[in-house]
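Structural characterization, general
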Amino acid sequence: MSKEQNKHFQQSSQTLHKDAEATQEVTVKLPFAREDIESLAQRRGFASIEEYIAALLWQDDDALWDENMAANEAFFDELAQKALSEYHAGETEAFDPDDNIDMP
């Protein structure tokens, strides 16, 4: 895992932990000693086992996202070109989600 991916996963994990209603406690029995997993998590730059496991789960999600993006590359290229054309033609409006909180 690259340092950039590690940072992304840690940030994602921290976001999950900040929203107490979105987190659920799960008990999992692993065939490893807790100390071994804690050591591995620390060596990989994570503050806890929970953060490390969350990172592993996000890694799978990111791999699926990358796979889907690659499979639909032509579609997204066309969509991006259309958006740029509209922007250059002055057909877009500035959007600030902090100012337009009622917008979906």
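Throughout what follows, the structure given in this document is the object of discussion.

Reading guide: rules and limits
Residues numbered from 1 in each chain as written. Predicted model: local features only at pLDDT ≥ 70, side-chain atom pairs only at ≥ 80, totals over all residues. Heavy atoms only, no water. Helix = DSSP H or I, 4+ residues; strand = E, 2+ residues; numbered from the N terminus. Buried < 20%, exposed > 50% of the residue type's maximum accessible area, 1.4 Å probe, protein only. Contact = heavy atoms within 4.5 Å. Salt bridge = Lys/Arg side-chain N within 4 Å of Asp/Glu carboxyl O.

Digging into the overall build of the protein chain
Secondary structure assignment for the protein chain yields four helices and zero strands. Counting from the amino terminus, the protein chain carries its helices and strands in the arrangement α-α-α-α. Each of the 104 residues in the protein chain was classed as buried or not, and the buried ones make up 12%. The contacts of the protein chain with a sequence gap of at least 6 include a subset with a gap of at least 24, amounting to 50%.

Things to note about the pattern of salt bridges
Evaluation of the coordinates by the stated rule reveals one salt bridge. Taking the shortest distance from any N to any O, the salt bridge between Arg 34 and Glu 38 comes out at 3.1 Å. With a gap of four residues between them, Arg 34 and Glu 38 both fall in helix 2 (residues 34-43), about one helical turn apart.

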